[in-house]
Every structure is written in structure tokens, then in C-alpha cells.
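Structural characterization, general
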Amino acid sequence: MALSSALRHRCGFFGLLSQMSSSVSHGRVSTVLLSQMRNNSTSPKIKVDLNQSTGVAVLSMQSPPVNSLSLDFLTELCISLEKLEMDRACRGVIITSSQPKVFSAGLDILEMYGKSPERCGEFWRAVQEMWLKMYGSNMVTIAAISGSSPAGGCLMSMTCDYRIMADNPRYTIGLNETLLGIVAPFWFKDTMVNTVGHRTTELALELGLLYSPEEALKIGLVDQVVPQEQLLATATETMTKWLAIPDHARQITKSMMRKPTIDKLTSNREADIKNFVSFITKDSIQKSLHMYLEMLKKRKA
Amino acid sequence: MALSSALRHRCGFFGLLSQMSSSVSHGRVSTVLLSQMRNNSTSPKIKVDLNQSTGVAVLSMQSPPVNSLSLDFLTELCISLEKLEMDRACRGVIITSSQPKVFSAGLDILEMYGKSPERCGEFWRAVQEMWLKMYGSNMVTIAAISGSSPAGGCLMSMTCDYRIMADNPRYTIGLNETLLGIVAPFWFKDTMVNTVGHRTTELALELGLLYSPEEALKIGLVDQVVPQEQLLATATETMTKWLAIPDHARQITKSMMRKPTIDKLTSNREADIKNFVSFITKDSIQKSLHMYLEMLKKRKA
Amino acid sequence: MALSSALRHRCGFFGLLSQMSSSVSHGRVSTVLLSQMRNNSTSPKIKVDLNQSTGVAVLSMQSPPVNSLSLDFLTELCISLEKLEMDRACRGVIITSSQPKVFSAGLDILEMYGKSPERCGEFWRAVQEMWLKMYGSNMVTIAAISGSSPAGGCLMSMTCDYRIMADNPRYTIGLNETLLGIVAPFWFKDTMVNTVGHRTTELALELGLLYSPEEALKIGLVDQVVPQEQLLATATETMTKWLAIPDHARQITKSMMRKPTIDKLTSNREADIKNFVSFITKDSIQKSLHMYLEMLKKRKA
């Protein structure tokens, strides 16, 4: 794999090639990426449906083709989450995808190619912001993982209070960054250690493992696996159980469990951005990205 | 549940309504609590039976009806433990309950209602002291969990070196504070993380989960489940295995595993007391407790 | 057991009686130890076989009878590892044993008896160095555990990226120091916590548990158990999968997972040596070692 060889540099970012990870599973990356390059649509990437009577919102990611985490996407997601967080009528959010076969393919590679350092920094800050908002949310957050969820998609899932995945054995979930020659940053790692423990994380991250739903259930990366057609119903039932707990007690408990991990990023945020920008703007990395994109164009043609 | 709603305030204490947790499982809280209110007995709440030849003591909690952790109870327990700790003839303690169906129902609500700040602080210091003595004991400590063990009862169990539970599926064990609108303090949380790991603790504490013996075994909250009639015999056999290990090596090893967690409380003890007192003496909380006790009286009548 | 009784002192070292642990399993310590005492062979204790085409080295420990970790052995091992680490042709190492039935019996007791403080300190520094080199290796390290692996042998295994053990139920693996009246140091403990978690480590270290291959697999102390005759082939296949991951991404990820644990020893290295030397050179401990060695000689006769 020429690219991964080209990418054997010290790096502190991740998910760079989130679509490539998708290609590993589905073999249709070039189509996906190029169609995305042409997609200038301003239609909403996030759809929010709040049930005022139950206090439960369903947040659907609907950014074709694979809910890549672009700056626009992340900005829209953060605004949606913030609105719900401020809305006293909303106590819980079910996060899912409207796109077939994929929850989210992770970070958008096009945000990292040919962009100014300022823009790259802005992008990275948005990735951090998404994580901070989701991992520290006061709402009950349940991921209804309706398709593959590599890299940044897996991270989003792990920030939730509870994870339910559709039982299709072709779907995968995991932080597969090393598989592509890149590295998950420390706060991705911390989130995974908190979810599945130190040794499982070590194996998963070093080998870039992508797990089937059953495997993910076994290691505790997801909490439940159900048939696709029961995914949303199960998430809704589960939410009811969580909402039976008094909000404030649950929120303080959640904060007690997660605050040390959140504080680590909060107090290293600028350094983390600086690291990312200095890596991603390197000539060698930009050259690798260029070659990769050219390769995709040729495949398409 | 009016109370849990009334209790949706920031709080740093736990087990406040330990009898209520018992009521959730057994539906007989009002009887229990009110009979306790009239109980001015000065009979020993703790019975200690030390076998001089084996070096093993059986410490039975015998405070009717549910071994609630009152200030008197905690004081007596700490004195008993201290005596055994100083007694060179004693190398191990089996901790169990003489009360039917319950190991301990946790903290005594009556210690927190209508008491002066000084008295509340004294109570909380006793709770800390119990934990410090048990989690840091030089003796081998085995919990023979002969009945339900919610909140503070679960904490006591978790401080032991080994936990054996009677296999009655109606018994439950867990830190169920959030279920009642309150929050386990950080050292309860730390003890549980050390026992079952981060993610299981997160789920257990956020949802206030009470586990059956089989479920507790599966997540590692207890180490063994046996028929009730074999509980003490199994604890005694297990103790023999532990006592085959040279005391000093075992003690240093135990200290190496637990000292960081113990140090966290030791160095934050006064702040932890202050937090508890300032919360519990709030008018809103005292009012909630009053309403709760009135409700119990009415039910009784 | 007179020795373990004599050894009930505060101590910060481990594996002192590694051969004794072997004796517990195999009942042939005296022969082993005394033949070793006469063994002045200068033949290589480590055999390295690097396949230039695959980039994989097989490092076989071949120090009769039980690959005890003497100063000479550790020095040779560290030199071999360093050479491989510097060799750009080498990307991965399979660590195994040429001795029948044993991977390594752990630290060599003869390095700790009748030696000057300077020599004891030199020995301990070599033990630290081995751990630092192995736990922090940039190469993929796979332990092919071909026999019993108590104390220091278990530690060596745990430093590797992946552990495969032969399925002979008579083989055991574990940090069994307490069983002998001594204590694993904090960095042994940290390595085990990173591998199997806090609670399993607490139980394992307090009781000095030695696990069968199946048991070790169940708690995650080894990753795979295969028939003895398939051990090396399986290790080789597994290595291929690991080498499919770009080196640099894997190395950074490994460092991210392990650096905090490594830093703890690095920044306490001299104090750790001082502790060890001051303990091991105590009259009482030297007397115990003397008695133990005399006992072995008598058994032999």
C-alpha cells in the first residue's frame, strides 16, 4: 500500500483517510469521495426531531454519501447539540444516520488537503469541540449505530452513554487509524480505554482493528446488538429506562466518571491543535494526500 | 416518585435513602424504618467471634432490622475492626450479617434528618473511617454476603479482599444511589472502578443498577456465588487459602494496589465532609427528608 | 514453609526464589539450582535467528536448565535486543525458549546471595533495563510461551505485544511472588494491571496465583493458546498480521499506550535500586537465603 508507506511519519491526528477505511470494508471509496468533492449542497447535514412529550430527540446524520465529518458537518452538528442541550424540553438524544450502511465514515480528508494552517486549525478545533460537547453532554446520549462506524464514527459512538448496533455482520466499528498509517490522538485513546479497558485498546489501536457487531459486543465496544429494523425502537425503549433516573443525579455521576478525561483535552487543547496543524501541513503529508486523491480520480475514470 | 424529584440537587453524598433502596426490592420500607426509629436498644450491633486456633474472626452485623449504618453502628464496627487489627491472634475476618435477607441496607437516613451540622459531620467522618479501616485492612477480609447489599452495603462488600454471595435471586447488590436522586461520592466510585472497571462502573452508577447474585458474578462485583447454607463454610475454606500466603507479602501487595485510592480520600477528607454537611443541611433537602419520613409514617398507619 | 516465614519482611523486590516457584510446579528445584551453581559455561545464553527477507527474528533463550535471569543472562538478552532494535532489517521479534517445559523461571536467586551491595545494584539495574527495553521496544514483540513462566518469566511475557502459550495444562504462568513471601515491585504490578486490569491483578498478586494456559487465556494474561507443535508457526503467522501495519503508526500508538507506565520507572529508577539493595543485603534476608540454599544442597545429597 503506497499511501500507508508514504504516511509513515510521526503524526498526532487520525481518521485522515476515513473514506479509505470505508473502502477497506466496502470497496467503493473513489466514487464516494469524488461525488463528495462535487457536492456543494447547502441542504442540512443534520436532521433533528424532538418529541416534546417524551423529551427525546432523534438526531439523524444525513450528509451523503457517508456522513464524513467536514468542518461544515461538525459545525452544524455542534449547533444542533448545543440547541438541544439548552432546550429544557429535551432530556435525551438518539444519534443515528439516515445514510444506508454507514453511521459515519469519520473525518473528511478534503478538510486536510491544500488548506491553510489557519483553516486546518479551525477544522481540528471543530473536531475537538464535537468530542467535548458529546462526551460531556448533560443529556442522555444513545448511539443507534445503523451502519459501519470506523475512526471518527467510532469515536462519536463511544462518546454516547449507550451504544446499540444493527446486527449486520458486514458492518464494522473501530479506531482503525494505524491500519492507514496514522495515529489516533490521546483523547480518542482515552475514550476507548474508558470503554473497553487498557489491553483491548492497546490491541485495537496498534492493529487498527475493525470489529463486527458481535465482536464489538463481546469486547464491550457496543452494549447491545439488534436487528436493523428494531434499532430505533430499541434505542427508544432504552432511553425510557435512562430517563427514569433523576437527571441531576445522573448528570453529576456522568461528570464524575468523565471529567478527568475531558479536563485532559481542555487543558491541552491549543497544543493539540498546534501538533495537528504542524503535521498536516508538512509537504510530505500534503504530497501523500495529493497522490491519494489523484489515485482516486484515476480509479473513478 | 416525589422524593427523587425533590432531591434533584447537586449533592456529593450517597445512600441517603438506603432503606428506600431496600423498599424497591422488598416493599417493606416503612415498617423497617419506623421500627428502627423506636429502637433505642443498646445491645451490641456487632458480634465478633474469633477462633484463636485458626486466627479467623467472624464479624456478624446484628442490628435489626437491616443493619443500617448509623453513627452508633459505624462506631461499634470501627472499634471491633480496630481491636481485631491490633490482635496478633487474628489474621482474617469474615464479615457477614445475622439479619435475614439483608447484608446491610446502607447509610441510616435518620442520621441525616434534623441533625446539627456538627453531628452530620461527625456521622460522615464515621462513614469515611469505616471505609478507610476496611479498604486498608491488614487482615484478610472476606464478605459473606448473606442478603441484599445496596448502597453502603455494597460499598462495605467491595472493600473486602473477596466476596461470596448467597445465590438467592431475590437478593441484589449495587451502588443504586442515582436511582434515588442522589450520588455516590468519588471514593465509592473509585472502589467500584477498582473492582469492575471504568465502563461497568459508569453504567452501574448512572443507572443505579442493582444486580442479582448471578449478574454480580458475571461483571465481577462478587467473586463467587454459593447456596445460602454453604455461605459460611465456603468463606471459611476460602480464608484458609488466603492465610496460606505469608501475611507480610500479602499486606504489602494489598497496600500497593489500594494505597493511591486511599490517599485520595485521606488528602481530601475535610473537604469531603464539608461538602456533605453543606448539602445535607440545606433547607430543601431537610424538607425532602421530612416529607419522606411523614410519608413513611402515614404508610405505617 | 520456613523460608516464606523467614521472609516476612517489607520488601520491594520479587522473583527472588524463582527456582522455588519452579519447584512448586515441578518438584525438581534442588537438582536444577545446584547444577546451575556449577555451570560456568560461557556458551551463549541467547540465540538469535533473523530472517532478512521477512524482517522477523526468533530470539531463543537457551540457558540451562530453566533460563534463570542472571546478570549475565540479562546482559546478553539486552545486547541482543539492542542489536535487533538498531537493525533496520528487523521489524519484529518472536521470543521463545529452547529449554524443555520452561519459558523462563524468573530472577536468579544466586545473584542475590552473598553479593556486595554494588553487585546487587548492578543486577537490579539489569532487571530494570530488560523491562525498559522490552516494554518500550519499537519492534513487534511476540512471546511464544513454550513452557512455564512464573515471576520474572511472566513479566517478560507481559512486556510483549502479543502472547501465545502452548496448551500443556501442566504449564503455568503468573506473578507468584507473594506465594514465596516476597512482593512484586510496582512496575511488575503496573504491567499486569495494563494487561488484565486492576481487580484481576489484585487477586493474582495477593494470592500469588499461577494460571494454567486455559485460565490465563480466560483472564487475558495470554492472547492465544495453541498446541505446542504449532506454537512457532502460529507466532510467525501472527507476526505477519502485525507487520501489515505501518511501523511508524504502530510504534507511536504503542508508545502512547505504554509511556506513562515506563516513565514511572524511569523517574524512580535509582530509588527502586536503592530499595532493592537495602532489602536484599539485610542480614535476616541473607540468612534466609543461606538456609534455603543449604536445604537444597541437603536435598540433593
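The coordinates are above.
Definitions and limits used
- Residues numbered from 1 in each chain as written.
- Chains lettered and ligands numbered in written order.
- Predicted model: local features only at pLDDT ≥ 70, side-chain atom pairs only at ≥ 80, totals over all residues.
- Heavy atoms only, no water.
- Contact = heavy atoms within 4.5 Å.
- Salt bridge = Lys/Arg side-chain N within 4 Å of Asp/Glu carboxyl O.
- Polar contact = N/O pair within 3.5 Å; in protein donor to acceptor, adjacent residues only side chain to side chain.
- Helix = DSSP H or I, 4+ residues; strand = E, 2+ residues; numbered from the N terminus.
- Nonpolar A, V, L, I, M, F, W, Y, C, P; charged D, E, K, R; others polar.
- Buried < 20%, exposed > 50% of the residue type's maximum accessible area, 1.4 Å probe, protein only.
- Pairing = 2+ DSSP bridges.
- Axes fitted to C-alpha atoms, helices over the stretch in contact; angles between N-to-C directions.

**Brief notes about the interface of chain A and chain C**
- In this complex, chain A contributes 24 residues to the contact, which on the side of chain C involves 20 residues.
- At the boundary of chain A and chain C, one finds two salt bridges.
- Close ionic contact of Asp 223 of chain C with Arg 199 of chain A constitutes a salt bridge, the shortest N to O distance being 2.8 Å.
- Inspection of the chain A/chain C interface yields six residue pairs in polar contact (both at pLDDT 80 or more).
- Secondary-structure elements contributing two or more residues to the side of chain A that touches chain C are helix H7 (186–196) and helix H8 (198–207) of chain A.
- In terms of residues, the side of chain A that touches chain C owes the most to one element, H8 of chain A, which gives eight residues.
- Among the residues forming the side of chain A that touches chain C, the class breakdown is 12 nonpolar, six polar and six charged.

**Here's the deal with the environment of Met 158 of chain B**
All names here are of chain B.
- Residue placement: Met 158 occurs in helix H6 (residues 151–159).
- Given a relative accessible area of 1%, Met 158 falls into the buried group.
- Separated by 38 residues in sequence, Met 158 and Val 196 place their C-alpha atoms 9.9 Å apart.
- In this structure Met 158 touches Tyr 135, Arg 163, Leu 175, Phe 188, Thr 191, Met 192, Thr 195, Leu 221 and Arg 258, once residues within four positions along its chain are discounted.

**A few points about the pattern of salt bridges**
- Using the criterion set out here, one finds 49 salt bridges over all chains in the structure.
- The closest approach of N and O atoms between Lys 254 of chain C and Asp 161 of chain C, which form a salt bridge, is 2.9 Å. On the criterion of sequence distance, the pair formed by Lys 254 of chain C in helix H11 (residues 247–266) and Asp 161 of chain C in the loop between helix H6 (151–159) and strand E8 (162–166) is long-range, its members being 93 residues apart.
- By relative accessible area, which is 3% here, Lys 254 of chain C ends up buried.
- In this structure, the salt-bridge partner of Asp 161 of chain C is Arg 258 of chain C, at a minimum N-O distance of 3.9 Å. Taken as a pair, Asp 161 of chain C in the loop between H6 and E8 and Arg 258 of chain C in helix H11 lie far apart in primary sequence, 97 residues in all.
- Assessed through its relative accessible area of 1%, Arg 258 of chain C is described here as buried.
- Through salt bridges that share partners, Asp 161, Arg 163, Asp 223, Lys 254 and Arg 258 of chain A together with Arg 199 and Glu 202 of chain B make up one connected network.

**Topic: the sheet that holds E8 of chain C**
Residue and element names in this part refer to chain C.
- The mixed open sheet is built from six strands, whose spatial order is E1-E2-E4-E6-E8-E10. Since the sheet does not close on itself, it has two edges, and those belong to strand E1 (46–51) and strand E10 (224–226), each with one partner. The sheet shows a mean angle of 20 degrees between the axes of neighbouring strands, direction not considered.
- In the sheet, E1 pairs with strand E2 (residues 56–61) via six bridges, with the strands oriented antiparallel. Note on E2: the bridge partner recorded for Lys 47 is Ser 60.
- Helix H10 (residues 231–243) contacts E2, strand E4 (92–97), strand E6 (140–145), E8 and E10 of the sheet and is inclined by roughly 165 degrees relative to E6.

Everything listed here is a matter of coordinates, which is why it stays silent on function.
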